[in-house]
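Here is how the chains run, residue by residue.
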Amino acid sequence: MWAASGRSEVVRRKGDVVSKPAARQPTLRIGSDPSPHGSGSVSACGLGPDLVAVLASCAQSDDLLKSIFRVTVASVPSPEGDSLPDVSGRYLLSDDELQFIPHLPFERGVKYRASFDPRPLGAPLMADSSMLEFVIPAGRNPSALTEVAHIFPSGDLLPENLLRFYVWFSNSMQRGRALEEISLLDSEGQPVADALYRPPVELWDRTMRHLTVLLDPGRLKRRVGPNAQLGPPLRVGQKYTLEIGAGMTDVYGRPLRAPFRKHFVVGDPVREHISVRSWNIAPPVTGSRQGLVLMFTSPLDWALLFHTITVESADGSVIDGRVVVDQCEMRWGFTPTSPWIAGIYHIRVGSSLEDVCGNTITGAFDRPLRKDIHLLTEINSSSLTFQPT
Amino acid sequence: MRDKSVPSDPSRRDVLRFAAASAVGLALPGRLSATSDAAVGHGGVSGPLQSAGVLALGPNNVLFVGDITGAAVHAFALQERDLTPQTGVELGNFHNFEGRDLVRGLDQKLAALLGTTYDKVVVSDMVVHQPSQQIFISVERGRGTDSLPAIVKVNHGRLEILELDRIPHSQVSIPNEPDSKAMLEFEPQQVYAITDVKYYKGELFVTGITNQRFASTVHRIPYPFNSSMATCTVEIWHPVHGQFETRAPIIRHVIRELNGEPYLFGVYGCTPIVRIPLSALKDGAHVHGDVIAEIGYGANPLDMLTFTSPADSKDYLLVTIDTRSASQIAVSELASAPAEPTGGGINFGPSGLGRTQRALPIKAEHFAILNPNWAVLIWRHPRTTYRLDLSTLAMPYFFERKDGMSEMNWPNGPDPFHYQDQRKEIDYVGRLGPV
């Protein structure tokens, strides 16, 4: 990669890190790209016309440039040590400088070492070597440290056969810490063994802000091996704490501001299907954009509530609107984009809706499979109707 | 991050860009249209990739890359500069079953090359371009939403990034991708959206799961891409589970022609091998795959391929497994083996051709055939917590002699396999130094 066009503005930006200047000595500087996804770059500046000419004449070989101007990751103590390759990138030569642009952008928080040593060129007027260690500052980090914003289910009385928690972080996170940082503690503060499932892959959503923490399904399903041997993971009447350790790492590589503890008491198990018929509907007023409200008889799964219930007009078209879930996941509200009109509306409930125990509208979480031949005919959805008043 | 610099050879580059744009144009019409923002890749050396998953090679040096995040399969027409013949690379002492480490500390070296630390390196897949013996590795830097995909080649032990933005490219969208929030019991469904990609006689076969009710899917896609695609769903009887299954995906597959008829052989988790004639894979079909081997419960297949044994010149199907030895079954049996009976009780196996399997001592995270005598594998070094090595392994026994302790290792020990006769090169290196 070679260019003769001027790129000097990149390296003269205010606030750039500059190594100690020395007379007649090339200077190494960091160039930060103004765009959010910028690669960044590091340049050897002040080369002088003679050195630039020599570099230009021998620069047909990328390997030669790579041996003269090297950029490496400096922060890793590695058993492979000196045999590690340099950071992959390309070179641009301009009037007075040689610029290195990494193939993948410099990563914030990683320490790099750039060294410029033109002596192998063997030409006269060669300068001595220069070296610069630098870290691209985590300039775009929000100042507030990441914390656990909420844990679902929101209630503090949870059924014995609770299936899962959702842990909601205030920023995107990194994988790899959940196993050691998340634990279930008993009323004495001691970890409850084998209560939480240890999935082979941490269960993050795409934004990496929501982590699903499952209680061991094998201990929840009655009469299967772990349940028969160890019993359910939670016991009725007992107090527990779900603890999220501060060692969870956010996308900026930082620990949490503080550990988070959700305290709860365990109540009776729920082993019924979700009874859509027993929901209470508070219909909105015709001509308004008032919220339609459903009240449930027990808490439902927070995440699924956002995309398994839809409102349709009489002709079956889906109504646009905004969903709000609150009152410990006992209440679902829907505010339409356009006002309600007179007539019938349908509330469609998808078969994938679950309560906090994994029970669905078609059956309980640990029902016997295919006990009843009619279960083979899957119910795809259930529906309710209402009319705005 | 899109490269704005002036390239060394703008005319050539413009030609490549034009070619790439034309190829994409071909891929877009009709229902395969990839016009949303989601189709835009990271640019730079990541080119159009949003993620780097399974790899496969096709005709005319095309490298296919499965991109789960981008819901697409990409085709990169590799150029001469991307394929460096690996002549002269020392592969090991074939007669003594002693392989070589081609890249020791692969994870650490990938990290250094990508400008990060080794804990942020994820190796997704490996493939070998056999004419040049060039090894390609798909890798991601980072484990979060900001992860960056790259394809790295191994050139005489050195790692080099492919500049994907300089390689002519076309792509096809994979329809009905699982919702990004949809979950299996323990994992996001999207993890399995594209499990394997293979090229066979003008077509790509893409396995994985979709958001459909019968989720296990095979897409059959003409290459070069045009607007057509056949999509089938697959049902099998899973002996270990004692039930029909329509949702668990084929994890790996190979296409082989046997007795004049081409078949897709697929392997599932927990661990049936299934045979489907390609003639059954018609658009919209709900295909029943015949289970011809149950190779044993509780295993997850990692790679599946066929190879010709240098010992008896016969072809074998090989499945590497995460929890135990790899499994080898004679290819000659695959077409004629009867389908396992359906509808019975739970059968933990092995059954069918599973009873004929031979266990091979392969402990690979990724595995491929390098040439007629050597395989290549990425494996975790047993004496370190973090260290992946890229090493060769002699065929057809796939046995790495230097990893074991045995009576034969004593200086005056027995030598039933005549290893000592083959140790001259070791003498040179170990005692006399290079001569």
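Residues numbered from 1 in each chain as written. Chains lettered and ligands numbered in written order. Predicted model: local features only at pLDDT ≥ 70, side-chain atom pairs only at ≥ 80, totals over all residues.

Counting its secondary structure elements, chain A contains 7 helices and 22 strands. In chain A, which comprises 389 residues, the proportion classed as buried is 33%. Restricting to contacts in chain A with at least 6 residues of sequence separation, those with at least 24 account for 65%. (Helix = DSSP H or I, 4+ residues; strand = E, 2+ residues; numbered from the N terminus. Buried ≥ 20, exposed ≤ 12 C-beta atoms within 10 Å, placed from the backbone. Contact = placed C-beta atoms within 7 Å.)

Bringing the overall build of chain B into the picture now. Scanning chain B from N- to C-terminus turns up 3 helices and 28 strands. Relative to its full complement of 435 residues, chain B shows a buried share of 46%. Long-range pairs, those at least 24 residues apart, make up 58% of the contacts in chain B with a sequence separation of at least 6.

Bringing the sheet that holds strand 8 (residues 148–152) of chain A into the picture now. All names here are of chain A. Here we have 4 strands laid out as an open sheet, ordered 8-10-13-12, and antiparallel in their pairing. Each edge of the sheet is formed by a strand with only one pairing partner; in this case those strands are strand 8 and strand 12 (203–204). Direction of pairing for strand 8 relative to strand 10 (residues 164–169): antiparallel, over a ladder of 4 bridges. Bridge pairing links Ile151 to Val167 in strand 10. (Pairing = 2+ DSSP bridges.)

Here we come to unusual backbone geometry. Look at the link from Tyr223 of chain B to Pro224 of chain B: it is a cis peptide, with omega at 5°. Among the structural elements, Pro224 of chain B can be located in the loop between strand 14 (216–222) and strand 15 (230–238). With a phi close to 50°, Gln327 of chain A is a non-glycine residue in the positive phi region. Even without glycine at this site, Lys201 of chain B takes up a positive phi of about 45°. With respect to the helices and strands, Lys201 of chain B occurs in the loop between strand 12 (196–200) and strand 13 (203–209).

All names here are of chain B. Residues with a pLDDT of 70 or more make up 87% of chain B, whose mean pLDDT is 85. Segment residues 426–435 is flagged for pLDDT under 50; beyond a separation of four residues in sequence, or across chains, it makes 4 contacts in the model. Here the complex is predicted with pTM 0.65, and the ipTM for its interfaces comes to 0.75. (pLDDT = per-residue confidence, 0-100.)

Here strand 26 (residues 366–369) of chain B runs beside strand 27 (residues 374–380) of chain B; their pairing, made up of 4 bridges, is antiparallel. Counterpart to Ala368 of chain B in the pairing with strand 27 of chain B is Val376 of chain B.

Residues and elements named next belong to chain B. Counting buried residues in helix 2 (residues 106–114) gives 9 out of 9 residues, a clear majority hidden from the surface. Buried within helix 2 we find Leu106, Asp107, Gln108, Lys109, Leu110, Ala111, Ala112, Leu113 and Leu114. Downstream of helix 2 by a residue or two, Gly115 has a phi angle that is positive, lying close to 75°.

Moving on, we come to the confidence of the model for chain A. In this model, chain A carries an average pLDDT of 82, and 83% of its residues clear a pLDDT of 70 or more. pLDDT under 50 marks residues 370–379 of chain A. Its contacts with residues more than four places away, or in other chains, come to 7 contacts.

Attention now moves to the sheet that holds strand 8 (residues 134–141) of chain B. Residues and elements named next belong to chain B. Pairing is antiparallel across the open sheet formed by 4 strands, whose spatial order is 7-8-9-10. Of all strands in the sheet, those with a lone pairing partner are strand 7 (121–129) and strand 10 (158–161), marking the two edges. Adjacent strand axes in the sheet meet at a mean angle of 30° when their direction is disregarded. Bridging between strand 9 (residues 148–155) and strand 10 involves 4 bridges; their strand directions are antiparallel. By the bridge assignment for strand 10, Val154 is matched with Leu159. (Axes fitted to C-alpha atoms, helices over the stretch in contact; angles between N-to-C directions.)

As a further point, take the nonpolar core. Counting 139 residues, the largest nonpolar core has Phe64 and Ala150 of chain B as its most contacted members. It is helix 2 of chain B that provides the largest number of residues to this core, a total of 6 residues. Setting aside anything within four residues of it in sequence, one finds Ala150 of chain B in contact with Leu104 of chain A together with Val45, Ser46, Ala52, Leu114, Val139, Arg141 and Ile161 of chain B. Residues Leu211, Ile244, Leu256 and Ile347 of chain A belong to the second largest nonpolar core, which totals 48 residues. (Core = buried A, V, L, I, M, F, W, Y, C linked by C-beta atoms within 7 Å.)

Below, the discussion takes up the environment of Thr308 of chain A. All names here are of chain A. When you line up the elements, Thr308 lands in the loop between helix 7 (302–305) and strand 18 (309–313). The exposure class of Thr308 is partly exposed, given the 19 C-beta atoms found within 10 Å. The contact partners of Thr308, leaving out residues within four places of it in the chain, are Val349, Gly350, Ser352 and Leu353.

Another aspect to go through is the pairing of strand 18 (residues 261–267) of chain B. Residue and element names in this part refer to chain B. Of all the 7 residues making up strand 18, 5 are buried; the element is thus mostly covered by neighbouring parts of the structure. By the bridge criterion, 7 bridges tie strand 17 (residues 252–258) to strand 18 in an arrangement that is antiparallel. From the neighbouring strand, Arg256 faces strand 18, where its bridge partner is Tyr263. Joining the antiparallel neighbours strand 17 and strand 18 is a turn of 2 residues, in which Asn259 adopts a positive phi near 50°.

Moving on, we get to the environment of Gly266 of chain B. Residues and elements named next belong to chain B. Mapped onto the elements of the fold, Gly266 is located in strand 18. Looking at Gly266, the number of C-beta atoms within 10 Å reads 27, which means it is buried. Distance in space between the C-alpha atoms of Gly266 and Ile250 is 5.7 Å, their sequence separation being 16 residues. Filtering out sequence-adjacent residues up to four positions away, Gly266 remains in contact with Thr207, Ile250, His253, Val274, Ile276 and Gly289.

Before going further, it helps to spend a moment on the environment of His418 of chain B. All names here are of chain B. Mapped onto the elements, His418 comes out in the loop between strand 28 (388–394) and helix 3 (424–432). On the basis of neighbour counts, which here come to 10 C-beta atoms within 10 Å, the residue His418 falls in the exposed class. Residues His418 and His95, spaced 323 residues apart in sequence, show a C-alpha to C-alpha distance of 9.2 Å.

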